[in-house]
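Listed here are the chains, written in short residue letters.
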Amino acid sequence: MSQTPSEEQLRALKGEKIPVKDLLALFGTRVRSDQAVLFITQTLKDAGLSTVPYFANCNGRADVHIVPLESVVASEKESEDDQEEDEETDGLTPGALPPHSFRIGDLPAASGGVDCVPSNAQVTTATYLMRTKNYSQVPVIDGRTTLHGVVTWSSVAKMYETNGAITLVNALVDDPPIAGPRQDFFSLLPIISEYGYVLVRDNSGQFTGIVTGADITERFDATAWPFFVVGEIEFRLRKCLGAALDPDNIRAVQPKNKKTGQITDLMFNGYVKLLDGDQQNPAFCPLADQNWQALGWTGVDRIQFVHQLDRVRAVRNMIAHFDPEPLSKRLSDELRQFVGLLRQLA
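What you see is a predicted model, and the numbers here were worked out from it, not measured in a lab.

Visitor: Could you clarify how one ought to interpret the overall build of the protein chain in this entry?
Guide: Secondary structure summary: the protein chain contains 13 helices and 9 strands in total. For the protein chain, buried positions account for 40% of its 346 residues. When contacts within the protein chain are restricted to residue pairs at least 6 apart in sequence, those whose partners lie at least 24 apart make up 57%. With the model as given, the accessible surface of the protein chain reaches about 19,000 Å², and the carbon-plus-sulfur share is 51%.

Structure follows, in structure tokens:
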């Protein structure tokens, strides 16, 4: 998020009715992406606030009331059957998976613009740009649509090896790989692996970006890392909880059709129910107290632990929805902190 209002600013809105777009603007965004919704919801919650109707799924042109968090109970309370269904899916509602394959245009580099040189430039102009910006290639483009080729370190070396005239034409790869933004990302991986890059050109013929192997590595790190960390968190949670808790207490939070008493049959929503002593369903609270005592984590603040666990649950649901935006630094740091704590405890 580009900005975060203070708790004082948010509390000053309590009881007010404001347009959804104004609420989003307070947080520096105009869209209700999964990551933005998660962040805004939690920030409001930390300030003891919520909205009616819920800003995330109401009409984008609607107004919402900023209300005390404790007042939002009956309207949001799920039926027992719905809770069991949520436990089974844990956030993966119908339509949550991507509606189309991952496209090359989904990478930021595909629309981030192209540093290039014109066809009348000197070879040294291209190589200077490559040196100063640590590029492995520079396209030669006149205007925004006329591509003459691409200068690469390999093509420059070949020019010198063959004793050719030192001209831009002789330093070109004249048949570089080009893709449209809607082309399937995975089908282009062999091409990017072979050439090291692919130029992206939109339907108007303009070159909008260049995707390199480095961009793919960066994207993999940003996208895959959270899956592995959340997986490790779940493994360590199951190791701790499964060894310490009574199977009957585990059955208490399981849906009717899956009362196995096995910790491996729970998801993050169930882990929260096992430990949260201040949850909406009062029947679970005494059991949660027993569970926490059974863990024996006397040096761990329970409220903070459960709060972080609930945040991990929300992040898990967000990445399970294949949010196209990488996790923010704040959310990534929260995952690192929590997995670090569990490594000490487990």
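Still more to cover.
Visitor: Just to check I follow, could you spell out the sheet that holds strand S3 (residues 63-68) for this structure?
Guide: Two orientations exist for strands paired in a sheet by backbone hydrogen bonds: parallel and antiparallel. Pairing is antiparallel across the open sheet formed by 3 strands, whose spatial order is S1-S3-S2. Pairing within the sheet leaves two strands with one partner each, and these edge strands are strand S1 (17-19) and strand S2 (49-52). On average, each strand axis in the sheet is tilted by 40° relative to the strand beside it, whichever way the strands run. The sheet contact formed by S2 and S3 spans 4 bridges and is antiparallel. Bridge assignment links Thr-51 to a residue of S3, and that residue is Ile-66.

Visitor: It is not clear to me how the pairing of strand S9 (residues 207-212) should be interpreted in this structure. Could you clarify?
Guide: Regular strands show a simple pattern: their side chains alternate between the two faces of the sheet. Counted residue by residue, S9 has 6 buried out of 6 residues, so it is predominantly covered. In this sheet, S9 lies alongside strand S8 (residues 197-201) in antiparallel orientation, the contact comprising 5 bridges. Bridging across to S9, Leu-199 finds its partner in Ile-210. In sequence, S8 turns back onto S9 through a hairpin of 5 residues, with Gly-205 there showing a positive phi of about 95°.

Visitor: Explain helix H8 (residues 213-244) here, please?
Guide: Two residues of an α-helix separated by three or four positions point the same way, owing to the 3.6 residues in each turn. For H8, spanning 32 residues, the distance from its first C-alpha to its last is 46 Å, which sits close to the expected 46 Å at 1.5 Å a residue. At Ala-224, H8 shows its largest bend, some 30°, and a proline, Pro-226, comes one to four positions later. Buried within H8 we find Ile-216, Arg-219, Ala-224, Pro-226, Val-229, Val-230, Ile-233, Glu-234, Arg-236, Leu-237, Cys-240 and Leu-241.

Visitor: Would you mind showing me how to read the nonpolar core here?
Guide: Across soluble globular proteins, nonpolar side chains show a tendency to be buried alongside one another. If you look at the biggest cluster of nonpolar residues, it comprises 36 residues, and the most contacted ones within it are Ile-233, Leu-274, Leu-275, Phe-305 and Leu-309. By residue number, the principal contributor to this core is helix H12 (residues 302-320), which donates 8 residues. If you look at the next biggest cluster of nonpolar residues, it comprises 18 residues, including Leu-13, Val-20, Phe-39 and Leu-44.

Visitor: It is not clear to me how the packing of helix H5 (residues 123-132) against helix H6 (residues 153-161) should be interpreted in this structure. Could you clarify?
Guide: Two numbers describe a pair of packed helices, the interaxial angle and the distance between the axes. Following both chains from N to C, one finds H5 and H6 inclined at 140°, their axes separated by 11 Å at the closest point. For the element pair H5 / H6, the angle class is oblique. In this structure, H5 meets H6 at a crossing whose hand is left-handed. Contacts between H5 and H6 pair Val-123, Thr-127, Met-130 and Arg-131 from the former with Trp-153, Val-156 and Met-159 from the latter. Of the residues contributing to the contact of H5 with H6, the split by class is 5 nonpolar, 1 polar and 1 charged.

Visitor: Would you mind going over the side chain of Asn-291 with me for this structure?
Guide: Tracing the backbone through its elements, the reader meets Asn-291 in helix H11 (residues 285-295). A polar contact is formed between the side chain of Asn-291 and the side chain of Asn-249, at a distance of 2.8 Å. Not counting the four nearest positions on each side in its chain, Asn-291 is found in contact with Leu-245, Asn-249, Leu-274 and Leu-275.

Analysis parameters
Residues numbered from 1 in each chain as written. Predicted model: local features only at pLDDT ≥ 70, side-chain atom pairs only at ≥ 80, totals over all residues. Heavy atoms only, no water. Helix = DSSP H or I, 4+ residues; strand = E, 2+ residues; numbered from the N terminus. Buried < 20%, exposed > 50% of the residue type's maximum accessible area, 1.4 Å probe, protein only. Contact = heavy atoms within 4.5 Å. Areas by Shrake-Rupley, 256 points an atom, 1.4 Å probe, with all protein chains shown as cover. Pairing = 2+ DSSP bridges. Axes fitted to C-alpha atoms, helices over the stretch in contact; angles between N-to-C directions. Expected span 1.5 Å × (residues − 1). Bend = angle between axes of the 7 residues up to and from the residue. Core = buried A, V, L, I, M, F, W, Y, C linked by side-chain atoms within 4.5 Å. Parallel < 35°, antiparallel > 145°, perpendicular 65-115°, else oblique. Left-handed = near helix turned anticlockwise from the far one by under 90°. Nonpolar A, V, L, I, M, F, W, Y, C, P; charged D, E, K, R; others polar. Polar contact = N/O pair within 3.5 Å; in protein donor to acceptor, adjacent residues only side chain to side chain.

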